[in-house]
Amino acid sequence: MNKKLLVSITAMCCAMASFAQTPVIQTKYTADPAPYVHGDTVYLYTTHDEDTAQGFEMYDWLLYTSTDMVNWTDHGAVASTKDFAWRSRDNGAWAEQVIERDGKWFMYCPLHGHGIGVLVSDSPYGPFKDPLGEPLVWQKEHWYDIDPTVWIDDDGQAYMYWGNPNLYCAKLNRDMISIDKSFGKNGIMQMDPKPLDYQEGPWFYKHDKYYYIAFASTCCPEGIGYAMSKSPLGPWKKCGTIMNHTQKTRGNHPGIIEYKGHNYVFGLTYDLLRKDTDLHAERRSVAVAEFEYAKDGTIPEIKYFDEHKITPVGTLNPFGRVEAETMANSDGVKTAKADGVGIYVTDIHDGDFIKVANVDLGAGIKKFKARVASMYRNGSIEIRIDDFTGRVIGNCQVDCTGGHLKWTTRECNIAPNISGIHDIYFIFHSTGKYPMFDFDYWSFE
Ligand code: FUB
C-alpha cells in the first residue's frame, strides 16, 4: 500500500467514525428535509445551500429517493425559484414540502419574503409548474410566511401550517392550490398560543389517533420539539423534545415519516461543513435518525444525529443498471446533470470513494461493468467489499474515452467466490491532482 493511500485511509476512517450515518447526502449541501412515502419509495425533497454560501444562498429544490433508507439516488433539482414568474429575485428557495393527491404532486414553496407559492406536477420528479401565477398565501405586512407543511386528514380535509416565529394554519380546498377563505381571518388562523419553544419548520401529521406538530425549537441552537393534539386545529400541547438543543448544530428542521414499519425523523446538521472548517456558514446537510413512539403516543427524546446508525430496510440489486449517483456514502465526488445522460458522478479525484450499502450479490458475481467518460486522463476503480479497507475484489481500468461525456463501458473480472450481501466501495485512483473521469452507471454480472 502506498503512503498516499494510507494517509487518505486514516483520514477517511476518522471522518467516518465521527460522522457515523450522517449526513444523508455528501455530494451537495442539503437542508430542510421533506420526506414523503409513496408506494415503496421514500421521496426526500430538500433545499440546497450553495457550495460557497455564507448566509442563505438557495435557488432550487432537490430530490433524492431510497427504497432501503441507506442508499439514496440523486435526481438533481426538480424545481427552482425561476418556476415562479412573480418572484423578484432568484435567491430564497426556502423549506418546501411535497404531497401527492389524486395523481398530482403539489410542492409548497416559500420564496423568502414573498409568501408561499405552489407548484404542480404529474410526477414526483417534475416538471413542476406554477398554476396560480401568484402566491398561495402572502401576508405582505411581514416576512413570517415560510416553512409550509401540508397534511391531508382522514376526512379529506387538507391543512397547511407554516411560519416563523408565529405559527399559522389554513385549510386547503380540494384542488390543493387555493385556501378556504371562510376559515380564520381571510383564510388564515394564527395559532395562539403556539406550542411552547416553537421557532419554525413545522411538520404536521397524524399518527394513530393523535395529531403532531414537530418543529425546530427556539433558535439558536435549534433542537426538534413537538406538540400533540386530538384535533388537527389544536389546542397544541408541548409534549417534550425529540432532539434537544445542542451546540453540535445551529439550525434544525424536522421531517417525519413511517416507512416499512420504522419511524424516522430527518433534520439538518452542519457536519459536512465541519469536515472543512469550524467557521459558521449556511452550508447544511440533511441527517436522519430512527425513533419509536411510546405506548401513549409520545416520542422519547433521541440523541443528536451523529449518534445514530440507520439499519437498511432493503437490499440493492446490482444485476441491473445501478446509477453511479445512488450511494450510501461518498467522499470528494460531486454530481452533475447532462442532456441524454441525466445525473452522473463527476469531479472524481485520486482517493475519492463511493459506498453502496447492503448490495445483494446473490449466488455470486464474476464481472463488473461501468459506464464512464474521460477526456484526458487514465484512472481506475478499485472495488472493495465491506469496508474502505476491505478485501479488493476487482480493479477496473478507465482509460481515456475520447472526450467529455463520450461514454464507454469499461469492465473487469471479480475475484472468485464473492456472494451474499455486502457493502461495496468504489475507490478511485489516478496519478495527478486533476479530476479523472465521469461515472454514469454500473452493474455486476
Ligand atoms: O433553509 C432556510 C430556512 O432556514 C428554513 O426555511 C428554515 O426552516 C431554516 O431551516
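Quantities reported herein were computed from a predicted structural model and do not represent experimental measurements.

**A few points about the sheet that holds strand S14 (residues 224-229)**
1) Next: Read from one edge to the other, the open sheet built from 4 strands follows the order S12-S13-S14-S15, with strand pairing classed as antiparallel. A strand with exactly one partner marks an edge of an open sheet, and here the two such strands are strand S12 (198-207) and strand S15 (237-243). When strand polarity is set aside, the average angle formed by the axes of neighbouring strands in this sheet is 25 degrees.
2) Next: Two strands pair when backbone bridges link them, and strand S13 (residues 210-217) and S14 are joined in this way by 6 bridges, in the antiparallel orientation. Looking at the pairing, phenylalanine 215 lines up with glycine 225 of S14.

**Points about the nonpolar core**
1) Next: Tyr45, Met107, Tyr108, Met160, Leu172, Ile242 and Ile256 are the most contacted members of the largest nonpolar core, which has 60 residues in total.
2) Next: Examining the composition of this core, we find that 5 residues originate from one element, strand S6 (residues 104-110), more than from any other.
3) Next: When neighbours within four sequence positions are excluded, tyrosine 45 is seen to be in contact with Asp32, Pro33, Ala34, Leu62, Leu63, Val78, Glu96, Val98, Trp105, Met107, Pro124 and Phe128.
4) Next: In this structure, Ala324, Ile365, Phe368 and Met436 belong to the second largest nonpolar core, which totals 33 residues.

**Observations concerning the layout of surface pockets**
1) Next: Empty space within the second largest pocket amounts to approximately 390 Å³.
2) Next: What lines the second largest pocket is a set of 19 residues, among which Trp151, Tyr205, Lys206, Ile256 and Ile257 lie closest to the centre.
3) Next: Looking at the lining of the second largest pocket, the elements that each hand over two or more residues are strand S1 (29-38), strand S5 (97-101), strand S8 (149-152), S12 and strand S16 (255-259).
4) Next: Tallying contributions element by element places S12 first for the lining of the second largest pocket, with 5 residues.

**Observations regarding the side chain of glutamine 26**
1) Next: Secondary-structure assignment places glutamine 26 in the loop between helix H1 (3-19) and S1.
2) Next: Polar contacts involving the side chain of glutamine 26 include one to the main-chain carbonyl oxygen of proline 23, which spans 3.0 Å.
3) Next: A distance of 3.0 Å separates the side chain of glutamine 26 from the backbone oxygen of valine 24, its partner in a polar contact.
4) Next: Residues in contact with glutamine 26, not counting those within four places in the same chain, are Leu272, Met327, Ala328, Asn329 and Ser330.

**So, the domain arrangement of the protein**
For an interface, size is often stated in terms of accessible area lost upon the parts coming together.
1) Next: For the protein, the domain assignment lists domain 1 (21-307) and domain 2 (322-444).
2) Next: Taken together, the contact pairs 13 residues of domain 1 with 14 residues of domain 2.
3) Next: Together domain 1 and domain 2 conceal approximately 1,200 Å² of surface at their shared face, both sides included; 39% is due to carbon and sulfur atoms.
4) Next: Of all residues in domain 1, Gln26, Thr27 and Asn71 bury the most surface against domain 2, accounting for 45% of the area lost on that side.
5) Next: At the boundary of domain 1 and domain 2, one finds 2 salt bridges.
6) Next: Where domain 1 meets domain 2, there are 10 residue pairs in polar contact (both at pLDDT 80 or more).
7) Next: Broken down by class, the residue content of the side of domain 1 that touches domain 2 amounts to 3 nonpolar, 6 polar and 4 charged.

**Here we look at the packing of aromatic side chains**
1) Next: In the structure shown here, the tally under the stated rule is 31 aromatic pairs.
2) Next: Ring geometry for phenylalanine 204 against tryptophan 236: centres 6.0 Å apart, planes inclined by 85 degrees, an arrangement best described as edge-to-face. Here phenylalanine 204, found in strand S12, pairs with tryptophan 236, found in the loop between S14 and S15; they are 32 residues apart in sequence, far enough to count as distant. Side by side, phenylalanine 204 and tryptophan 236 carry an identical accessibility label, which is buried.
3) Next: Here a set of aromatic residues connected by ring pairs shows up, and it is made of Phe368, Phe426, Phe428, Phe437, Phe439, Trp442 and Phe444.
4) Next: The ring of tyrosine 441 carries arginine 321 above its face, with NZ or CZ at 3.8 Å from the centroid.

Basis of the calculations
Residues numbered from 1 in each chain as written. Predicted model: local features only at pLDDT ≥ 70, side-chain atom pairs only at ≥ 80, totals over all residues. Heavy atoms only, no water. Pairing = 2+ DSSP bridges. Helix = DSSP H or I, 4+ residues; strand = E, 2+ residues; numbered from the N terminus. Axes fitted to C-alpha atoms, helices over the stretch in contact; angles between N-to-C directions. Core = buried A, V, L, I, M, F, W, Y, C linked by side-chain atoms within 4.5 Å. Buried < 20%, exposed > 50% of the residue type's maximum accessible area, 1.4 Å probe, protein only. Contact = heavy atoms within 4.5 Å. 1 Å grid on protein atoms, 1.4 Å probe; cavity = no way out; pocket = protein on both sides within 12 Å on 5 of 7 lines; lining within 4 Å. Points joined across faces, edges and corners; volume = space filled by probe spheres on them. Polar contact = N/O pair within 3.5 Å; in protein donor to acceptor, adjacent residues only side chain to side chain. Domains from an automatic or database assignment. Buried area = accessible area lost by both parts, 1.4 Å probe. Salt bridge = Lys/Arg side-chain N within 4 Å of Asp/Glu carboxyl O. Nonpolar A, V, L, I, M, F, W, Y, C, P; charged D, E, K, R; others polar. Phe/Tyr/Trp six-rings, centres within 6.5 Å; stacked < 30°, edge-to-face > 60°. Lys NZ or Arg CZ within 6 Å of the ring centre and 35° of its normal.

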